[in-house]
Every structure is written in C-alpha cells, then in structure tokens.
Amino acid sequence: MSMNKLLTDLLEEADNRYELVLKVAQLAKQIKEETKELEGTTNPVIQSLQEIAAQRDGTLLVD
C-alpha cells in the first residue's frame, strides 16, 4: 500500500484528525529516539503511520 493511500485512508476514517496527527507525531518521536543509533532505518513518520494503520485493521507488524 502506498503511503499516500495509507495516509488518505487514515484521515478519512479518523473521527478526530487532530488526535490522529498527534498520535502519529508522538509515535514518530518515540520511534526516532529508539532507532537513532541504528543505520538504514525507515523514516519514523512512515513507521508510525504503518503501525497506526495496522492497529486499525488488526494487523500485527513484526520487525
């Protein structure tokens, strides 16, 4: 799934877009802190969008 479609779907389904954006930002910050020592990691914002989308449809992401 492309990031644009993922983001569009999340925004369309969100009851409160502000809360969704805040959740993405908080998760991205956490991911960035946890992975700052690692090289070649995925962008934290993209990772957080993927995780939130997976939580919404019941998918479990595994590294």
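Residues numbered from 1 in each chain as written. Predicted model: local features only at pLDDT ≥ 70, side-chain atom pairs only at ≥ 80, totals over all residues. Heavy atoms only, no water.

**Looking at the pattern of salt bridges**
Operational definition: For this document, the term salt bridge refers to a Lys or Arg side-chain nitrogen within 4 Å of an Asp or Glu carboxyl oxygen. For the purposes of this entry, the term helix denotes a DSSP run of H or I that reaches at least four residues, the term strand denotes a run of E that reaches at least two, and both are numbered from the N terminus. Type-normalised accessible area, obtained with a 1.4 Å probe on protein chains alone, sets the label of each residue: buried when under 20%, exposed when over 50%, and partly exposed for intermediate values.
This model, assessed by the stated rule, comprises 2 salt bridges. Measuring nitrogen to oxygen at the nearest pair gives 3.1 Å for the salt bridge that ties Lys 5 to Asp 9. You can see Lys 5 and its partner Asp 9 sitting in helix H1 (residues 3–13), 4 residues apart, about one turn around the helix. One salt bridge connects Glu 33 with Lys 36, and the closest N-O pair in it is separated by 3.4 Å. Accessibility expressed as a relative area gives 48% for Glu 33, which makes it partly exposed.

**Describing the environment of Ile 31**
Let me state the cut-off plainly: Throughout, a residue-residue contact means that at least one pair of heavy atoms, one from each residue, lies within 4.5 Å.
With respect to the helices, strands and loops of the structure, Ile 31 is situated in helix H2 (residues 17–35). We classify Ile 31 as buried; its relative accessible area is 6%. Each C-alpha atom of the pair Ile 31 and Asn 43 lies 9.0 Å from the other, and the pair is 12 residues apart in sequence. Sequence-distant contacts of Ile 31, that is, excluding residues within four places in its chain, are made with Pro 44, Gln 47, Ser 48 and Glu 51.

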